[in-house]
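# Structure assessment
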Amino acid sequence: MKSEVKARPVSPARGRRLGALVFLSPGLAYLVVLMLVPLALLLSDTVFQRGRFGGIVYEFTTENFERLLDPLYLNVVVNSLKLAALTTLIALLLGYPTAYLIAQLPRKWKTVALVAIVLPFWTNFIIRVYAWIMLLSGPGLVNSGLKALGLGPIEVLYTEGAIVTGLLYSYLPLMVLPLYAAIDRLDPQLREASANLGASAFTTFRKVTFPLTLPAVMTGSLFVFVPSFGNFVIPELLGGSKSIMVGNLIRDQFLKARDWPFGATLALALVVALVLLLLAQSWMARRA
């Protein structure tokens, strides 16, 4: 008698896992090749020495990590944290009312308002920054308006205020969009119930609306803070040589000082700090 071998049927759970693996494989390969491999190269360069004329001398050292505690570099990090936090705070104060008002619009006007919010992204980033140089310069539109009001002219360009303005203009939509999505999904009956129970509009916002949108607040704040903290184009063009942020410091180590091991150490420290920030945001979102 010939023995018959029957194929074992694939369980639905196993089939779902295989299907998920097939769809996730391109994205995972992309992350491994373009993120994990560069990070591994950065990590390996941090323990080597800089050559006399640049490049890397493959001799083990811990000097690069010790230099991170130098007050000169710590001041740059603190200044970057200050400017990124200030930008995030202003973006939240402007973005939350904007998102709330857009959520209250009729449906056909919501689309128009959202297109207006993301419209700057349709223009090249460098062109938008150069436009701010023309606006904030001595004979620019801002100083001309201040002079007409008898309040100027004042030095606006190449200051920390110009940097915050440029960062805010560039990343404000990243605050508005997640806030709008969260506010628009809120059940209006919750706010109606609060009003029927005698709560004022402010109490309803404080105890109903804001707590329910707190995860979106943290997400939008993260979307603004992270690129602001590591940005080097806007501080270079709008801040000049007066304000250096951590992104400029890393760029200078690679391209000007040609100290690749220390540049890799700074970049790795920045990545670790941002990963810790992401983990903290995720923990706070779960608690919220």
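Residues numbered from 1 in each chain as written. Predicted model: local features only at pLDDT ≥ 70, side-chain atom pairs only at ≥ 80, totals over all residues. Heavy atoms only, no water.

## Let's talk about the overall build of the protein
Put simply, the rule is: Counting from the N terminus, the helices are the DSSP runs of H or I reaching at least four residues and the strands are the DSSP runs of E reaching at least two. Note that the radius of gyration is over C-alpha atoms, with the globule rule given as 2.2 Å times the number of residues to the power 0.38. Residue exposure (1.4 Å probe, protein chains only): buried if accessible area is under 20% of the type maximum, exposed if over 50%, otherwise partly exposed. Residues are treated as being in contact if the distance between any of their heavy atoms lies within 4.5 Å. Computed with the Shrake-Rupley method and a 1.4 Å probe, the accessible areas treat only the protein chains shown as cover for residues.
Secondary structure summary: the protein contains 13 helices and two strands in total. Taking 2.2 N^0.38 as the reference for a compact globule, 288 residues should give roughly 19 Å; the C-alpha atoms of the protein span a radius of gyration of 25 Å, well beyond that estimate. Reported as C-alpha extents along the three principal axes, the dimensions of the protein are approximately 105 × 75 × 35 Å. The 288 residues of the protein split such that 35% are buried. For the protein, restricting intrachain contacts to residue pairs at least 6 apart in sequence, the fraction spanning at least 24 positions comes to 67%. In the form shown here, the protein has an accessible surface area of approximately 18100 Å², with 70% of it arising from carbon and sulfur atoms.

## Observations regarding the packing of aromatic side chains
The following threshold applies: Side-chain rings of Phe, Tyr and Trp, where Trp is taken by its six-membered ring, are said to pair if the distance between their centres is within 6.5 Å; with planes under 30 degrees apart they count as stacked, over 60 as edge-to-face, and otherwise as tilted. The criterion for a charge sitting over a ring is simple: Lys NZ or Arg CZ within 6 Å of the ring centre, and within 35 degrees of the ring normal.
In this structure the tally under the stated criterion is eight aromatic pairs. Each ring, one from F205 and one from F210, has its centre 5.9 Å from the other, and the planes form 50°; the classification is tilted. With a centroid separation of 5.8 Å and 10° between ring planes, the pair formed by F225 and F229 is classed as stacked. One end of the pair is F225 and the other is F229, both in helix α10 (residues 214–230) and four residues apart, which spans about a single turn. Accessibility assignment for this pair places F225 and F229 in one class, buried. Grouping aromatic residues by their ring pairs yields a cluster made of Y96, F205 and F210. Cation over ring: R67 sits above F262, and NZ or CZ is 3.9 Å from the ring centre. Here the basic side chain of R128 rests over the ring of F121, its NZ or CZ set 5.6 Å away from the ring centre.

## Examining the domain arrangement of the protein
Quick reminder of the rule: For each domain, the first and last residues come from an automatic or database assignment. A 1.4 Å probe defines the accessible area here, and the buried area is the portion of it lost by two parts on being joined, summed over both. Contacts described as polar in this section are N or O atom pairs within 3.5 Å, which, within protein, must combine one atom able to donate a hydrogen with one able to accept it, while residues neighboring in sequence count only if both atoms come from side chains. We call Asp, Glu, Lys and Arg charged. Ala, Val, Leu, Ile, Met, Phe, Trp, Tyr, Cys and Pro are nonpolar, and the rest, Gly among them, are polar.
Once the domains are mapped, the protein shows domain 1 (10–57) and domain 2 (66–287). The gap between the C-alpha centroids of domain 1 and domain 2 is 29 Å. Contacts between domain 1 and domain 2 engage 12 residues on the former and 11 residues on the latter. Together, the buried faces of domain 1 and domain 2 total about 860 Å²; carbon and sulfur atoms form 72% of this surface. Counting across the interface, domain 1 meets domain 2 through two residue pairs in polar contact (both at pLDDT 80 or more). Secondary structure elements with two or more residues in the side of domain 1 that touches domain 2: α1 (12–45) and β1 (49–50). Each residue belonging to the side of domain 1 that touches domain 2 can be placed in one class, and the counts come to six nonpolar, four polar and two charged.

## Focus: the layout of surface pockets
For clarity, the cut-off: We place a 1 Å grid over just the protein atoms. Points where a 1.4 Å probe fits but has no way out form a cavity, open points with protein on both sides within 12 Å along at least 5 of 7 lines form a pocket, and any residue with an atom within 4 Å of a point lines it. Grid points are joined across faces, edges and corners, and a volume is the space filled by probe spheres set on the points.
As a volume, the largest pocket reaches approximately 180 Å³. At the level of elements, α3 (71–104) and α13 (260–287) are the ones that each hand at least two residues to the lining of the largest pocket. Ranked by residue count, the leading element in the lining of the largest pocket is α13, at four residues.

## As for the UniProt feature "transmembrane region" (unreviewed entry) in the protein
Worth spelling out the cut-off: UniProt positions are given in the numbering used here, feature names are shortened, and annotations may be inferred rather than shown by experiment.
Per the UniProt annotation, the sites labelled "transmembrane region" (unreviewed entry) are residues 21–43, 83–102, 114–136, 156–181, 212–234 and 260–280. Secondary structure across residues 114–136 comprises 74% helix and 0% strand; the distance between its end C-alpha atoms is 27 Å. For the annotated span residues 260–280, helix accounts for 100% and strand for 0% of the residues, and the straight-line distance between the end C-alpha atoms is 30 Å.

## Some words on the environment of G263
Structurally, G263 can be placed in helix α13. A C-alpha to C-alpha distance of 5.3 Å links G263 and I250, two positions 13 residues apart in sequence. Among all residues touching G263, those that are not within four sequence positions of it are I250, Q253 and F254.

## Topic: the side chain of T213
As for its placement among the helices and strands, T213 is situated in the loop between α9 (201–212) and α10. A distance of 2.7 Å separates a polar atom in the side chain of T213 from a polar atom in the side chain of Y96. Contact partners of T213, with chain neighbours within four places excluded, come to Y96, A182, I183 and L186.

## Some thoughts on the nonpolar core
The tendency in soluble globular proteins is for nonpolar side chains to be buried side by side. Which entries qualify depends on this criterion: As used here, the term nonpolar core means buried Ala, Val, Leu, Ile, Met, Phe, Trp, Tyr and Cys residues forming a set that is joined through side-chain atoms within 4.5 Å.
Core analysis: the biggest nonpolar cluster contains 35 residues, and I102, L179 and L238 have the highest contact counts within it. Those elements giving two or more residues to this core turn out to be α3, α4 (107–118), α5 (125–136), α7 (160–184), α10 and α11 (233–238). If you tally residues by element for this core, the top one is α7, at 12 residues. The contacts of I102, once residues within four sequence positions are left out, are K110, A113, L114, I117, V176 and Y180. Membership of the second largest hydrophobic core comes to 15 residues, among which are V76, F229, I250 and L270.

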